[in-house]
Amino acid sequence: MNRILLLVLVLLMQACSEPEEVSKEVAPVVVQLSAARLTHLSNSYQFPATVSAVKSVDLKFEVSGRLIYESLTEGSQVKKGQVLAKIDPAPFQRKVDESRIRHEDAKRNLKRIKDVFEKNVASQRDYDDAKSQYSLTKIALAKAEQDLSYCTIRAPFDAVIGARYIENDSLIRVGDTLANLQDRSKLHFTFEVPERIMTANAGNRDVKATAHIIGQEDKVFDIHYVEHKTTPDPITQTYGATFALQGEATKLFYQGSRAIVNIKGNIAQAQALAIPLSALVGDRDSGFSVWRFDDTQSRINKVDVKVTDIQGNYALIAKGLNEGDKVVSAAVGQMREGLAVREYKASY
Amino acid sequence: MDIARYSLTKPINIWLMSLCFIIGGMLAMSKIGRLEDPAFTIKQAVILTYYPGASAEKVEKEVTEQVETALQQMWQLDTLRSVSKPGFSRVTMEIKPNIDGPHLPQIWDELRKRLRDIRHELPIGASAPIVVDDFGDVYGIYYALSAPDFSAEQMREFSRIIRREVLTVDGVAKVKIGGILEEEIVAKIDSFQISGLGLSFPDIQQVLANNLKPFSGGRLYVGDKQIRLPVESATNKIEEIENLSMVIPGKNASIKIKDIAQLSIQPVAIPKGLKRFNGESAITLAISAQSDINVVDVGKNIANKLDEVLANLPAGIEVANIYNQAQVVDESVDGFILNLEVSVAVVTLALCLFMGWRSGIVVGGTLLITVLGTVLIMWLYDLQLQRISLGAMVIAMGMLVDNAIVVAEGMMLRMEKGKSAMESASYIVKRTQWPLLGATIIGIAAFSGIGLSDDATGEFLFSLFAVVLISLLLSWILAVTLTPLLGKYFYQVGKEQQTASAPSFFHRAYLTVLGKALQWRYVTLALLVVITLGAYASFGAIKQGFFPLSNTPVFFIHYWGPQDSDIRATEKYMKQGEQLILDTDGIESLSTFIGESSERFTLVFGPELPNESYGLFLVRAFDASAIPELAKTIAIKLREANPNSSFYPEIMQFGPGAGAKIQARFSGQDPAVLRDLAEQAKAIYFQDGKIRDIRDDWREKGIVLAPEYDDIAAGIAGVSRSDFSQAIKFYTDGLQIGQLQDGDYLYPIIARNSNVTLDKLASLKNSLVWSSSQRKYVPFKQVSGEMNYATEELLINRRDRVRTITVKAEAGYGETTGEAFNRTYQQVEAIALPEGYKLEWGGEYESSRKAQAALGQGLPLGFLVMFIISVLLFGRARQPLIIWLIVPMAVVGVVAGLLLADLPFGFMSLLGFLSLFGMLIKNAIVLLEEIDLQIQEGKAQAQAIVEASLSRLRPVSLAAITTILGVMPLIFDPFFADMSVTIMGGLAFATILTMIAVPVLYSIFYRIKVQSTTVNS
């Protein structure tokens, strides 16, 4: 009896009113919709580059001696022909003088022997000797004069002095580097391009490239393609590429500084559909779906899409949607198949 | 045995006993432990394992599975739940409910041992499993500290001081600090710059590690002494690091860290959890008191200590209460004591009114001493005053008065007839002591099912049984000893052989009704059966509830953003919501928790797992009764303001809240199938239109972007996976390159990319990777091909080792969960489940089922005891049969009462129902005994029935009226409301049952024809 009572008690607690068979038509849910838009695909890359001058020359003396003059302020600009440094010319001047005297002596001697030879007094041998002596002393004189001229170094082209390695009054030996001159009419940007990008863009010269120095993101300059290596670096397997900058802007860059090169390739007007990232939901497996709005029925359906890239807050869709298709882009977690919806329109 | 005679001859003994109860009771009242809920162990342990970098599925397979297997072998295990998230596994182990709290530490030891054993089976890179076994600790005193003018470092310092001081307060067990703003040292490095220098992260890491670690120095032995030679370690944070220099590889030059990195101390980019109070960033201080202690006192001591500490800290620190258990307990216990006093007063007054002031004093006095004595015994047995034990006293109240009334009334009547006090007392006590004791034991037995059940419910409700046992037994003892004594002092002996006074109108009316009922006894019986059946039929119309809503003016609003949202987004939206709530009228304070839940500040609150997409608003309103409306309007407003997220309001209830009220669990293997099933169930709930807050616990999938690692290219370039992953970390959320100890705080040093011309994804694609074997930088694109975009599961929930998705929902506004559940469960059960998949119901259905099952285990035994006692009492079969036939009829009054008051039939009503049985049975027993006695004494059977009934009329209706009046104040207490209505309605009808149905059934069972003439004579 008590068991029956208990049973009754338990049953009572579960007792229920009959479920009402009312299927109310639920009012459409207001949702935010976004249209899938076509966007141009531009593949842009960024590389760290090294800046180098188009031409960089080391100045060296071809003669030895004491430096008596230098005008080699690092970073200064020099014109072609401008005197940059001088070695004490005195020993060379003396050499020239000496050579000249010898040469004049040889000249006179030759003249004398020639006269005598013409009168057949001197032998043919004496005459030949005098001729040789004359030529030799002439060469010696020319050499001495050239050495003298080597005492002065002039700018070989319009340049910027990149570095100075000697001090005034120091003794210079042949072959010592005085300074480094850079041709700043152009600047080269060299950087390493990964194999993948290289092959993907093989033959493509239609690129827009810009460069800026690290830390100066606001000063951006256009640069153009110059050359690229076709053998990769043995370690990194990347290819060196060189772009150049011309014009006044070159003055703002220094050789060896680190720059960032941005390259944008316009790949044949490639386009992709972009939808807001917030519209994406997971599909049954590991892919993506979106809730597509069916405007004839004002309902939403789940459509599988393939995401190829994310740019900012947008996802690029490869397939599954057409241009202009509207997708739900907010509260996607609360949507469900066939839900009746109404588009949210901001009221002004 | 003549107890009454003994007590009247030796009154001093009785007085001594009473005095003990009075003084002891008062003493106990001030000293007895006060708690909000009974001390109750949550038999759960949580096992956390970190596995950085692994996907949820990988974590599930390689970590969760191993941990679960290890735990599976423990026989103490009840249920096993797990969540696998990317990089993180959390297994919750629930112990069998019948294992007692004191055994738990031993079980946790075994658990730890088992986990140690599987340590080597876990994959490389996974952390050792961490066991959290104090998961169920209640941090009942919960403060928020806000100090907008101070820095994070200062706040940390203040909270450290406060924590240290609060821990010294007596009775404080644990202090947990939350919401501290974590900081990190950020080194902004331009990757292109260091690539130009040929410096690498490993180089920098090496430099930092070599300079920032603590050094031990050496020691010298000089002149028999030891001299320590310490090496100073880094002391000042940033400068120290900035000035470290490192050699540029391959060059004869060095460079300082500050030349390549910009250092700064910043709040961590991805905070673990944020706390806010009233719109200000705050630190929370959660304090748990030791168990079995007077929480009220501890609360006061803490408050004093806090004042003291704050006096020594700079001004500008605001301390506010998020939740104060001490106060809640104080108020609820005080409120109850007031209720108790009111009840005692009402009972006494009612007795004065119906029986004269003398009886009022006699019964009221006995009642008061019974209550005080009960408190004394509770104190001696370490029982606390808390929700359940207080409830028990109220439930017992009705039965407490009964015994005293029966004795007092009988004695008074007899004395009025001119008998001496001694004779009357002896007569009535002898006559009623055994029936009363039997009835009392039956009353106690009704609750034995609850108190002795071998599980959590039993543990939680044990004090209910204990208090009922103590108070009822005490009331019987006092009724047979103290009541006659008091009666002796107060009742006057009437004139000798006074003829029975003319029956009152009330008596005459009863006689007429009884006469008619006995005359048409089968009609009466049929009528009763019809009414009873009608009541059962209309039971369905009563709202089904489980636990009533709490009267604490606090409610929650859970915020859930999409599962893959970042905590910074959650913070942004929570701050918006915060403003909206603070602008609403009727809000006293608002605590905001971002990324994680609040602490378990009351036993019945189950905190959510930390989740970046989760937030919690804890709203305190001025008025508890306004909460349902307030919660609804705020939730609607929040949803309007932010349709992207979900907001689920939850109102606190008494009793364990199991999260969502409607839960359907689908379990099986394939996540896709599980999601399909969940979608179908959700569609059913959406279709319903009324059911709200529909969601599932696997939530949205997340996006993964897997950069391909090109083995060949990376191999040539010498880029290892470690180099690769370091580069990815550096370009995204930051690469940890070292750490710096400052006092008690460890700063991580994080390197981040400072080149910000591109967004993070693009800069990663264009980045450089260090090849540690070739000591050279290689473009990222060279070693990584495609970026693969995909979605993945972020939360894999398992239950008892099977993947389980739970669809959760709440009943619509203005209906109970039971109604909503019943409307839809058939449809959900009709969903076709593929082979190997199954559906289980959770939520309120499950918890009420469990509670009832626990009761169901204990109840039969209790009923058996009741039945046996009733048989033993009479030694005959028909009388008990009569009793057990009328018991089911008690439901009539209950149904009528609940329908009239529009209250649900919940757990508390069930308890009230049980106490009703006790009272009904007691009345029936005493009446039946009386009839039997009168027949034995030689009265005609028919006359005996009528006269016995008439003699019981006054005590039965008096007891009923006093009880009804006694529980009446409780209607205004939300916790007891449905119970008090159950008792009031049930008792009113039970009185009629006793007075009409018992005589009618007796006459039917013994085939006694009662003529209306017998009645009228």
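This one's a predicted model, so the numbers in the text were calculated from it and none came from an experiment.

### Comments concerning the overall build of chain A
Thinking step 1. Each helix and strand counted, chain A has four helices and 23 strands in total.
Thinking step 2. For chain A, buried positions account for 30% of its 348 residues.
Thinking step 3. Relative to all contacts within chain A whose residues are 6 or more apart in sequence, the contacts with residues 24 or more apart total 74%.

### So, the overall build of chain B
Thinking step 1. Helices and strands together make up the secondary structure of chain B, namely 32 helices and 31 strands.
Thinking step 2. The C-alpha extent of chain B, read off along each of the three principal axes, is 130 × 80 × 55 Å.
Thinking step 3. Within the span of chain B, comprising 1017 residues, buried residues form 50% of the whole.
Thinking step 4. Excluding contacts between residues fewer than 6 apart, the proportion of contacts in chain B whose partners are at least 24 apart in sequence is 81%.

### Section: the sheet that holds strand β5 (residues 141–146) of chain B
Two strands in a sheet stick together by hydrogen bonds in their backbones, pointing the same way (parallel) or opposite ways (antiparallel).
All names here are of chain B.
Thinking step 1. An order of β6-β15-β5-β16 is seen for the four strands of this open sheet, with the pairing classed as antiparallel. Looking at the sheet topology across the chains shown, the edges are occupied by β6 (172–178) and β16 (318–324). On average, each strand axis in the sheet is inclined to that of its neighbour by 20 degrees, with strand direction left out of account.
Thinking step 2. In this structure, β5 lies alongside strand β15 (residues 283–289), joined through five bridges in antiparallel fashion. When the sheet's bridge partners are listed, tyrosine 142 is paired in β15 with alanine 286.
Thinking step 3. Contacting β5, β6 and β15, helix α5 (residues 152–166) runs over the sheet at an angle of about 170 degrees to β6.

### Some thoughts on the sheet that holds strand β14 (residues 280–281) of chain B
Residues and elements named next belong to chain B.
Thinking step 1. Taken in spatial order, the six strands of this open sheet run β14-β13-β18-β19-β17-β20, and their pairing is antiparallel. For this open sheet the edge positions go to β14 and β20 (646–651), each flanked by a neighbour on one side alone.
Thinking step 2. Helix-sheet contacts for helix α18 (residues 567–582) involve β13 (274–277), β17 (554–560), β18 (587–594) and β19 (614–621), and the interaxial angle to β18 is about 175 degrees.
Thinking step 3. Running over the sheet, helix α19 (residues 627–641) touches β17, β19 and β20 and is turned about 175 degrees from β20.

### Observations concerning the interface of chain B and chain A
Thinking step 1. Tallying the contact residues gives 56 residues for chain B and 50 residues for chain A.
Thinking step 2. In terms of residues, the side of chain B that touches chain A owes the most to one element, helix α26 (residues 843–874) of chain B, which gives seven residues.
Thinking step 3. Among the residues making up the side of chain B that touches chain A, the classes are represented as 27 nonpolar, 19 polar and ten charged.

### Let's talk about the domain arrangement of chain B
All names here are of chain B.
Thinking step 1. What the domain assignment lists for chain B is domain 1 (1–27 + 356–492), domain 2 (43–135), domain 3 (183–267 + 703–792), domain 4 (507–541 + 876–1017), domain 5 (553–652) and domain 6 (657–701 + 794–846).
Thinking step 2. Its C-alpha centre places domain 2 at a distance of 26 Å from the equivalent point of domain 6.
Thinking step 3. At the junction of the two partners, domain 2 supplies 14 residues and domain 6 supplies eight residues.
Thinking step 4. Of all the secondary structure elements, the ones that give two or more residues to the side of domain 2 that touches domain 6 are α3 (56–72) and β2 (77–85).
Thinking step 5. Here the side of domain 2 that touches domain 6 takes seven residues from β2, the largest share from any one element.
Thinking step 6. Tallied by class, residues from the side of domain 2 that touches domain 6 come to four nonpolar, five polar and five charged.

### Here we look at unusual backbone geometry
All names here are of chain B.
Thinking step 1. If you check the backbone angles, aspartate 382 has positive phi at about 60 degrees while not being a glycine.
Thinking step 2. One non-glycine residue, arginine 699, lies in the positive phi region at around 55 degrees.
Thinking step 3. Tracing the sequence through the fold places arginine 699 in the loop between β22 (692–696) and β23 (702–707).
Thinking step 4. Under the C-beta neighbour-count criterion, arginine 699 is labelled buried, with 22 such atoms within 10 Å.

### Side note on the environment of glutamine 563 of chain B
Residue and element names in this part refer to chain B.
Thinking step 1. As for its placement among the helices and strands, glutamine 563 is situated in the loop between β17 and α18.
Thinking step 2. Residue glutamine 563 is classed as buried on the basis of its C-beta count, with 20 C-beta atoms lying within 10 Å.
Thinking step 3. Along the chain, glutamine 563 and leucine 674 lie 111 residues apart, while their C-alpha atoms are 18 Å from each other.
Thinking step 4. Setting aside chain neighbours within four positions, we find glutamine 563 in contact with Ser613, Arg699, Glu700, Gly702, Leu794 and Leu795.

### Let's talk about the environment of isoleucine 310 of chain A
Thinking step 1. Topologically, isoleucine 310 of chain A is positioned in strand β20 (residues 307–311).
Thinking step 2. Given 19 C-beta atoms within 10 Å, isoleucine 310 of chain A falls into the partly exposed group.
Thinking step 3. Once the C-alpha coordinates of isoleucine 310 of chain A and valine 226 of chain A are considered, the two residues, 84 residues apart in sequence, prove to be 32 Å apart.
Thinking step 4. In this structure isoleucine 310 of chain A touches Leu277 and Ala315 of chain A together with Leu761 of chain B, once residues within four positions along its chain are discounted.

### Quick notes on helix α17 (residues 521–537) of chain B
Helical geometry note: an α-helix holds 3.6 residues per turn, so side chains three or four residues apart project in the same direction.
Residue and element names in this part refer to chain B.
Thinking step 1. Taking 1.5 Å as the rise per residue, α17 with 17 residues should run 24 Å; its terminal C-alpha atoms sit 24 Å apart, in good agreement.
Thinking step 2. If you check which residues of α17 are buried, you get Thr524, Leu528 and Ala535. Viewed along the axis of α17, the buried residues span an arc of 35 degrees, placing them on a single side of the element. Among the exposed residues of α17, those pointing more than 90 degrees away from its buried face are Tyr522, Val523, Ala526, Val529, Val530, Leu533 and Ala537.
Thinking step 3. Buried-residue contacts for α17 involve α16 (505–519), α28 (891–901) and α31 (977–1005).

Each value, and the rule that gives it
- Residue numbers run consecutively from 1 along every chain, following the written order of its sequence.
- Here the convention is simple: chains get letters from A, ligands get numbers from 1, in the order in which they are written.
- Since the coordinates come from a predicted model, pLDDT governs what is reported: local features require at least 70, and pairs of side-chain atoms require 80 or more to be given and counted, while whole-chain, interface and lining totals use all residues.
- Under the scheme used here, helices are H or I runs from DSSP no shorter than 4 residues and strands are E runs no shorter than 2 residues, and both carry numbers assigned from the N terminus.
- Any residue whose C-beta has 12 or fewer other C-beta atoms within 10 Å is treated as exposed, any with 20 or more as buried, and any in between as partly exposed, C-beta atoms being built from the backbone.
- Our contact criterion uses C-beta atoms placed from the backbone: two residues qualify when those atoms are within 7 Å.
- Any two strands are treated as partners once DSSP identifies two or more bridges connecting them.
- Angles run from 0 to 180 degrees between N-to-C directions of axes, and those axes are lines fitted to C-alpha atoms, restricted for helices to the stretch in contact.
- Residues are grouped as follows: Ala, Val, Leu, Ile, Met, Phe, Trp, Tyr, Cys and Pro are nonpolar; Asp, Glu, Lys and Arg are charged; every other residue, Gly included, is polar.
- Domain delimitation follows an automatic or database domain assignment.
- Expected helix span is given by 1.5 Å per residue-to-residue step, counting one fewer step than there are residues.
- Throughout, the arc means that of the directions going from the helix axis to the C-beta atoms.

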